[in-house]
Each structure stands twice: as structure tokens, then as C-alpha cells.
Amino acid sequence: MLPNSPAFKKNASAALADAGLQRALERTKPHFQHRRAAAVAALPEFEELREIGREIKDHTLENLDFYLETWAENVAKAGGEVHWCATAADAREAVLGICRGVGAKVVTKGKSMISEEIGINDFLEANGITPVETDLGEYIIQLGHEPPSHIIAPAFHLNREDWEARFRAAHRDLPADRVFHERHDILTEARDELRQRFLAADVGITGANFLIAETGSSVIVTNEGNGDLTQTLPKVHIVLASIEKMLPTLEDASVLLRLLARSATGQDFSVYTTFSTGPRRPGDLDGPEQYHVVLLDNGRSAMLGTEFQDMLRCIRCSACMNHCPVFGVVGGHAYGWVYPGPMGAVLTPALIGVDKAGHLPNASTFCGRCESVCPMKIPLPGMMRHWREREFERHLGPPFVRRNLALWAWLARRPGIYRLATRAAALALGLAGRRHGRFRRLPLAGGWTAGRDLPAPEGETFFSRYRRQGRSGR
Amino acid sequence: MSREAVLATIRRSLGRGPLPPDQTAMLLGRLACHPRGLIPARSRLPRPEQIALFVRSVEKEYGTVERLADLAAVPGAIADYLARQNLPTDLVVGPHPELLALPWSERPLLRLHTGRAEATDIVGVQQAFAAVAETGTLMLPSAPVRPTTLNLLVETEIILLRASRIVGAYEEAWDLLRAAQQDGETARFMPRNVMLVTGPSRSADIEQTLELGAHGPRRLHIVLIEDDAAPSGET
Ligand code: SF4
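Everything in this summary refers to the structure shown in the same document.

So, how was this worked out
- Residues numbered from 1 in each chain as written.
- Chains lettered and ligands numbered in written order.
- Predicted model: local features only at pLDDT ≥ 70, side-chain atom pairs only at ≥ 80, totals over all residues.
- Heavy atoms only, no water.
- Near = heavy atom within 4 Å.
- Nonpolar A, V, L, I, M, F, W, Y, C, P; charged D, E, K, R; others polar.
- Buried < 20%, exposed > 50% of the residue type's maximum accessible area, 1.4 Å probe, protein only.
- Helix = DSSP H or I, 4+ residues; strand = E, 2+ residues; numbered from the N terminus.
- Pairing = 2+ DSSP bridges.
- Contact = heavy atoms within 4.5 Å.
- Axes fitted to C-alpha atoms, helices over the stretch in contact; angles between N-to-C directions.
- Buried area = accessible area lost by both parts, 1.4 Å probe.
- Salt bridge = Lys/Arg side-chain N within 4 Å of Asp/Glu carboxyl O.
- Polar contact = N/O pair within 3.5 Å; in protein donor to acceptor, adjacent residues only side chain to side chain.

**Some thoughts on the site of the ligand**
Here comes step 1: Neighbouring residues of the ligand: Cys314, Ile315, Arg316, Cys317, Ser318, Ala319, Cys320, Met343, Cys374, Pro375, Ile378 and Leu380 of chain A.
Here comes step 2: Here the shell around the ligand is composed, by residue class, of 10 nonpolar, 1 polar and 1 charged.

As C-alpha cells, this is what we get:
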């Protein structure tokens, strides 16, 4: 997927004007927030588990070389193969090589963000192999040739009419006069269509929520069961995983699993949590004959030891975007690449470069809600600030913003002039806004006031009030 | 090639070379004793309540549970369940000895074949290795006697579970698995596939509204055998 992040401002304006998207956002936001809150409230140990989860991940990252090597040895002992890939291009070649090795024509896919990150679908298609997404949300967006808009609800931006229209266009062999009375009819049609694909596929590709060093396992978490069908029925199972998915033991995974579903969908546990370890064993009646893990670095190892190391604790639960006021009005596509919301604003510049994604960390109100709900306690706002600093240092911001920031800096370093200027401004705004107490429109701030009112100041600055009240001893 | 490159970048970023032997020994020790994190208090209950918690948790996730006094009653209970749900009486039954030993012939209307499931199978019967009360989760490790397709391809999955195999937390289920399959060699207790299953398949991808039966079973029915009269030591 080619990044379109520099266009964030334009994308965001388009998103605000998109009525269908706004309807979907209205529906989705409270759904995720309420369910998470209820699940967290029902587990008194949640806070303590967050702390333990963070320690486990920090420990793993500090010793990542050891755990990766131990895990790879255990994969080999179980009869699987690890393909180490430094870049996205390496990973694409590795996947293609495995597919060609078995003469694959159709490849089914479970949901995987790494697969989006390396753009495997387009690549396979260009090489004559048909990829079929099997997660319901991924399937419908594949039919519409668009990227996911959310990391766990990839099609949340679509409404029922969109599903129907796309199914009618894609499933041409079905009677044209069939009706979709209920959501259930949509689901049933998808189930039947995809069942045939599962059975026809030569290779199944899944992601991995975790890798377990102790056992050489990969773990997927789903509610539909599509990931399990993807990895059970074809001859070959390919796991796409990035290096930071590593965990030492099954016990460590148990801690993080207690956090994951609650933070994501508000379930206590997802329906299917599946640990895969190597290919079919002697006597087994089913399961793949080959098990491969394509292990991707793609810039992550370089984040270790930097102010962005904490981001590697992310377990992709999506809580940060579900609680983000910016994501809540612009949705996921505006972010222009694979990872949206606060986690995307931090991760995207690290993976594709601050020059291509440097604007994303500005898409924040710094309200701090993302950090407060993040199960891995990732200091997201702090890291966005680091990116803003880097962007400024490298003169990557728009000239208008840079000029005004420079002006503000000049002013802020001269307290006398600063107080004079702010007093004049507060007085003027206070007088002008006396009647309504707020501004519906302001010159030079049209963008800001388009979506909300600006409360009028009371005519006094903080400093003068402080001086007044400080003197009177209050 | 890439392997060395990735490992080298990790070490360079962390500002160190390969780990010294004492640190490696410490990490190997941690893997060998796999310490538990925090186990939530919700499953630390006396046995009957722990089993009740399991049943409640399954039902919360849209599964159903039928409690039976002994194994002999299973074929009858399954036949009645299928009749109640208006489901066909052709069954694919997992080749587990516990399932094969059931008195199926007492219910001649049930037509069964054993083995893995195919896409044409509608109802399947699988034996559960263990279950976790904490979230109403079944543990289904793959084995020649427990094919994975039985958990996936059928529309209705019926599970045979002994109450004595219900534990409180995931960690206790891992211990059962370690004890059952340990063959002395490191890390080889792990079967090819271990599914932790909580309720029937579902999706909320269409307008964030829950629909059951996405790709896996639409119904998950657990036949629970009350073989846990004597309280076990484990709480
Ligand atoms: S940053 Fe935190 S909240 Fe956001 S997806 Fe990652 S783990 Fe979840």
C-alpha cells in the first residue's frame, strides 16, 4: 500500500464531509467505548495486569535477540521454517517463493496488518496468484479495492447498503432477485462464498498476534474462525509476523490475552485463540503439511533504544483509536497508510519515514485519552510530541506553521512584550465577544471555528488575574 | 543472511553485543520455570462454584451447556438436543476413545461416522481436553483423536467435557497440557494446534452488530459430565 499520509489535511476535510462515514463513526464510537469500559470494570485486576503486561513486553524487548533465536530454534524443532526478512520487499519475495514452490493459484488470507504493511495482495496478484481475504470485513473492503479503515474493524466505515451493492456486483452467479432482509442474509452469503475459497486454496496466510519463544508457536485471535480455516485446510500455512510480537512463555501470553480482547472489542476473551506449532504431525487427520513464518523487521529493530522503543509494546488492540477524538471524526482512511489513530501517528513515521508521515503526529488534541486506555501503557502523546520536534528540526512543517511558531517563540522569550500583547488580545476579544460569550466565526481561525465555537475570554489574562488574586491572598 | 542483519541491528540499537552467558542462563531459567503473572481472583472458587462460573461464562458467550450425571446418558441427550433444534441426525464423531466408547447403539436414529470433518458435515462431536472457568473457554489441542476440522467445518459443534477437567485459569490448563504431553525434550509438549474456544463463531463486521455463525459453528453445545463429586485439591 502506497502511503498517502502527507495528504492528511485534505483527507480529513473529505472525511468530515462524507455523510456515510460520519454515520458509521457515530455508530461505532460509543459501541467500542462502552464495551471496553464494561469489560474493564468487571475485572478488578485490570490495572495490575496492565503493569505486568508492560513489564513482560519490556523484558522481551530488552532481550529480543535471545528470544527470537530461541523461538526460531523451537519452530525448526517442530518442523517449521522461519524466513528472516529485514524489509518489506524481502518478505514479499519470501511469500512468493513459498507459493511458487507448491504451484499455488489461490491463497486464502486471515486478517493481518503486516500483510497490509508489505502490500502482499497486489504483489501476489501481479505474479498471477489470487489472494482472497476471508475476514468478513477484509473481504468486503477487498471487493471495494480499498484499504482497511480500522485495525480490528476494517470495514466499520461501510453501511448495509454498501455490503449489498458490493455483494451483488461480485457474486454474479447468484440470482439477481435475491433479497437481503437482515444482516444475517449478508453473513450467510459471505459464509457460503468463502467456504468454497477455503476448500480451493493451496496456501493459507495468517498474521500473528503473538509468537511464543518457549514453544515456537504463533498465536492468532479471531471471532469468526476464518483464520483457523485459513491455516487448517490448505497444504501450506504461512504466518506473517513482525519481530515485536515475541513473548517468552504461554504464561506471559495468558497475561496479555486477558488485556487484549477487553481492550479491543470489550469481550472477556475472543472466540478463537489458536496456538500453531509446526506442520501436521504423524497420525494427524488434518492440518497443513508445511508451516512457514515470514518474520519481518521493516524498521522495528532500529526503534529499540530510541524514544520510540515503547511503541514496540503495542498489541494492536485499537483502544487508542476507539477513544481518540480526532479518529472519531475523520476515521481511519484519512491517516493515509496502514495504521491509523494515535498508534498510527507514532508508528507510521518510524516505519515509512518522518518526511512521508510527519504530519500525522499533529493530528492530535493531546487530550491523553489514548495513553489512559492503552493496555500496554504506551506514552502515545509524549511520542507524538517527539515526532513533532523532529519534524520541526528537520524543517518539514508547512511554512505558514513554521513562521507562526517562530513568531510565538520570539514572543514567548520576551515576557514584557508577551504580556502586553496577550493583554491587548484578551481585552479586544473579551469586548468583542461580550454579547454572546463565544465566537461562531473568527478571522484567521475559520478552520478552527468551522467545527466548534471559541469561548470568548473574560477580558483578562492569566498573568494579570494571578497577580491580582495572588496579592489578595487567594 | 537477513537473520544476522536483523539480530545485529537489534543488538546495535540496544547498545550491546550478544548477551553474556550469565544473562542467557537467567533467561533460559525463566523459560524453564515459566513464571505465572497475576491470576484474577474471579476463578479462585470452591469446585462447585468454579464449575458454575464456567457454565455461566459459556452461556454469556452464547454457548449452551447440558449437565449429565454419567457418560451413558450422552447419546440420548445428543439425540434429544438435535430433535429440539430441528437438526439432522447425521453426526461426524471425533475418533477419541471416550467418544467411541459411548453406547451409541441405544439411539439407532443417530447415524454416525468417525474421523475429521468435511465441508458437507453439519453436526460434529468433539472431546474437550480441558476447560477454563475464568471465561468459559474450551481447550482443544489437536491430536489424531481430536482433529481440528471438527471445531471449524460443522454448523453445530457438540463438545463432550468432564467437569473434572475444568480449571480456574488459563495457566492451570497449560499445566495440564504440559503434564499430558511432556516427552522429555524441551518444548515438545505443544501439539501442532491448540484452540481455545469461547462460544460459537461470530462477526460484528456488518455495522458493528453481532451475528453468530460467521465461518465456524453457529452453535456450540457442551455436554458436561458431572464426574467431579469429590472436591479436587486444585482450587
Ligand atoms: S497503542 Fe496501545 S491502545 Fe493503541 S493499539 Fe497499541 S496497545 Fe492498543
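**A few points about the pairing of strand S6 (residues 137-141) of chain B**
All names here are of chain B.
Here comes step 1: Of all 5 residues in S6, 5 are buried, a share of seventy percent or more.
Here comes step 2: Strand direction decides the pairing type here: strand S5 (residues 130-132) and S6, joined by 3 bridges, are antiparallel. Looking at S6, one finds that Val132 is bridged to Thr137.

**Side note on the sheet that holds strand S8 (residues 246-247) of chain A**
Here comes step 1: Read across the sheet, 8 strands follow the order S8(A)-S5(A)-S6(A)-S9(A)-S9(B)-S6(B)-S5(B)-S8(B) without closing on themselves; strand pairing throughout is mixed. Sheet topology places S8 of chain A together with strand S8 (166-167) of chain B at the edges, where each strand pairs with a single neighbour.
Here comes step 2: In terms of strand pairing, strand S9 (residues 272-276) of chain A meets strand S9 (residues 193-197) of chain B through 5 bridges, oriented antiparallel. Within S9 of chain B, the position partnered with Tyr272 of chain A by the bridge is Val197 of chain B.
Here comes step 3: Against the sheet, helix H6 (residues 170-181) of chain B touches S9 of chain A together with S5, S6, S8 and S9 of chain B, its axis set at about 20 degrees to S6 of chain B.

**Some thoughts on the interface of chain B and chain A**
Here comes step 1: Contact residues are listed per partner, giving 81 residues for chain B and 102 residues for chain A.
Here comes step 2: Of the roughly 7,800 Å² buried between chain B and chain A, counting both surfaces, carbon and sulfur atoms make up 56%.
Here comes step 3: Our enumeration of links across chain B and chain A arrives at 14 salt bridges.
Here comes step 4: For Asp284 of chain A, the salt bridge identified is with Arg192 of chain B, shortest N-O distance 3.9 Å.
Here comes step 5: For the pair chain B and chain A, the interface holds 43 residue pairs in polar contact (both at pLDDT 80 or more).
Here comes step 6: Among the secondary structure elements, those contributing two or more residues to the side of chain B that touches chain A are helix H1 (2-14), helix H2 (21-33), H6, S9, strand S10 (202-203) and strand S11 (211-212) of chain B.
Here comes step 7: Per-element tally for the side of chain B that touches chain A: the top contributor is H1 of chain B, with 9 residues.
Here comes step 8: Considered class by class, the residues forming the side of chain B that touches chain A number 36 nonpolar, 24 polar and 21 charged.

Read these as spatial facts, not as claims about activity.
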